[in-house]
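The primary structure of each chain is shown beneath.
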Amino acid sequence: MPDAQRKIFVLDTSVILYDFNALQNFEEHDVAIPITVLEELDQFKKGNSVLNLQAREFIRQLDKLSHHNMLHEWIPLDGPARGKFRVITEERGVFVDAGEVFGSRKADHRILNAALGLVKAEPERRIILVSKDVNLRLKARALNLAAEDYETVKIKDLDHLPKGKNEVEVPEGSTIDRLYQEEWLPVEAVLDGRPPCNQYYILRSGSKSALAYFNARADRIERVHKPIAYGISPRNAEQTFALHAVLNPDVPLVTLSGAAGTGKTLLALAGALEQRRHFRQIYLARPIVPLSNRDIGFLPGDIHSKINPFMQPLWDNLGIIKNQFDEKEREYKKVDELVETEKLHIVPLAYIRGRSLSNVIFIVDEAQNLTPHEVKTIITRAGERTKIILTGDIFQIDTPYLDAHSNGLSYLIDRVRGNPLYAHVNLEKGERSALANLASVML
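Residues numbered from 1 in each chain as written. Predicted model: local features only at pLDDT ≥ 70, side-chain atom pairs only at ≥ 80, totals over all residues. Heavy atoms only, no water.

1. Some points on the pairing of strand E1 (residues 8-11)
The alternating pattern of E1 places Ile-8 and Val-10 on one face and Phe-9 and Leu-11 on the opposite face, and all of these are buried. Across three bridges, the pairing between E1 and strand E2 (residues 30-34) is parallel. By the bridge assignment for E2, Val-10 is matched with Ala-32. Following the backbone out of E1, through helix H1 (residues 13-18) and into the adjacent parallel E2, one traces a crossover that is right-handed. Across four bridges, the pairing between E1 and strand E5 (residues 127-130) is parallel. Bridge pairing in E5 links Phe-9 to Ile-128. (Buried < 20%, exposed > 50% of the residue type's maximum accessible area, 1.4 Å probe, protein only. Helix = DSSP H or I, 4+ residues; strand = E, 2+ residues; numbered from the N terminus. Pairing = 2+ DSSP bridges. Right-handed = clockwise from strand over helix to strand, strands pointing away.)

Following this line, the structure appears as structure tokens:
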């Protein structure tokens, strides 16, 4: 492709911290990194957070190219049909100065100036700034500089993200009666074609209905019974499916999505407690938001005092489960005993990275606040006989540079769909209280 037809993408720091492999994801087009981005990455290279890991990995990539003069020449990137790469400096004397326009010489404005300088130096090329920072993209457009979000791992169409469940009308007659009697049906008796693995169904025939799922191992539709896990009983079909997936020993990876109050975390915790004898430990974790942007070390007290404010929702759900029983009952005391002996362990995610998790059940709450790379890092920690459950609401993002299309939970649901080791259920009906449902729907 002629140079004039190849675009030049200028990457912001936020893109590198989101995906250290971003250089390789622009096909035949060229990629430029402002020197200011390297200065910002230098501040992130020390530490154990995912941002520190991303910065170090990217710096290692640049080190392999260091035999070239990155400031003065375009360096071919490895791989077929790849473009070129170089580091660009802030240009003085460009037709417009971002620092003067926006009133400061902050790093973002220096990055804009570097991109504007490239526009001046390469008048025949299309220059596009790529950033996860909405404000920086808005400023770029105000300066007539094309700007885009980094969309390599974005989910294009959320409407087609799997829900994990379907309603199916089956022929009038004995289909549902047969399911109740025999506990399973051949696929062709219910569906046209082969369904996704571990897909759940509400079967309806006139006034009759039944809950079922596709067991890929047995290649048949099986009836789903309403389970009870450590005193918690599902209140609707979705919750029944969710708890069934959590309790299914053949499915080591489960995601539960849905709005606040649908019971995701409660069902995951109850299911984990019900299976406690099958696992060495139960880990409960959630991202400390803003994730990795500030270490919890600045908080007073020991590690438990530091993380408790962030982990309080998990403690609240444990309290709900305990309160299904009288204080004198064994099940009530067992929860406290599991916490005291650390058989049930609530930890921040930063303390999980780098470990190998064998024979544990690991629940990650608020997983929508993770990047795709973080989700991959967590799942690759899984050893033998480990089950991982991720819960979250993909529309409730608390982390900068993530949204419903680019967060790790959406990415996982989209990429792993249909795998026999994986089950997903999206919960839609709120069960917290009538008042909470009113606020969710009307406000």
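2. Structural notes on helix H13 (residues 408-416)
Summarising burial for H13: seven of the nine residues are buried, a large majority. Turning to H13, its buried residues number three or more, namely Gly-408, Leu-409, Ser-410, Tyr-411, Leu-412, Ile-413 and Val-416. One side-chain oxygen at the N-terminal end of H13 lies 3.0 Å from the backbone nitrogen of Leu-409; it belongs to Asn-407. Two residues or fewer after H13 comes Gly-418, characterised by a positive phi angle close to 80°. (Polar contact = N/O pair within 3.5 Å; in protein donor to acceptor, adjacent residues only side chain to side chain.)

3. Re the side chain of Asn-215
Following the sequence through the fold, Asn-215 ends up in strand E10 (residues 208-215). Using a relative accessible area of 11% as the deciding quantity, one classes Asn-215 as buried. A polar contact is formed between the side chain of Asn-215 and the backbone nitrogen of Ala-218, at a distance of 3.2 Å. Leaving out residues up to four positions away in the same chain, Asn-215 has contacts with Arg-220 and Glu-222. (Contact = heavy atoms within 4.5 Å.)

4. A few points about the packing of helix H2 (residues 35-42) against helix H5 (residues 107-121)
At their nearest, the axes of H2 and H5 sit 8 Å apart, and the two run at 150° to each other. Relative to H5, H2 is oriented roughly antiparallel. Here Thr-36, Val-37, Glu-39 and Glu-40 of H2 lie close against H5, whose contacting residues are Ala-107, Arg-110 and Ile-111. Partitioned by chemical class, the residues of the contact of H2 with H5 number three nonpolar, one polar and three charged. (Axes fitted to C-alpha atoms, helices over the stretch in contact; angles between N-to-C directions. Parallel < 35°, antiparallel > 145°, perpendicular 65-115°, else oblique. Nonpolar A, V, L, I, M, F, W, Y, C, P; charged D, E, K, R; others polar.)

5. Side note on the sheet that holds strand E16 (residues 387-392)
With respect to topology, six strands assemble into an open sheet ordered E14-E13-E15-E16-E12-E17, the strand pairing being parallel. Looking along the sheet, the strands with just one partner apiece sit at the ends: strand E14 (344-348) and strand E17 (422-427). Pairs of neighbouring strands in the sheet enclose a mean axial angle of 15°, with direction left out of account. Across four bridges, the pairing between strand E15 (residues 360-364) and E16 is parallel. Its bridge partner lying in E16, Val-364 is registered against Leu-390. In the packing of helix H8 (residues 237-247) onto the sheet, contacts are made with strand E12 (253-258), E16 and E17, and the angle to E17 comes to roughly 155°.

6. Considerations on the sheet that holds strand E3 (residues 75-76)
Spatially, E3-E4-E2-E1-E5-E6 is the arrangement adopted by the six strands of the open sheet, whose pairing is mixed. Edge positions in the sheet fall to E3 and strand E6 (146-148), since each has one partner strand and no second. Summarising the sheet, E2 and strand E4 (residues 84-88) pair through four bridges and their orientation is parallel. Across the sheet, Ala-32 pairs through a bridge with Arg-86, a residue of E4. Strands in contact with H5 are E1, E2, E4 and E5; relative to E5, the strand with the most contacts, it is inclined by about 165°.

Read these as spatial facts, not as claims about activity.
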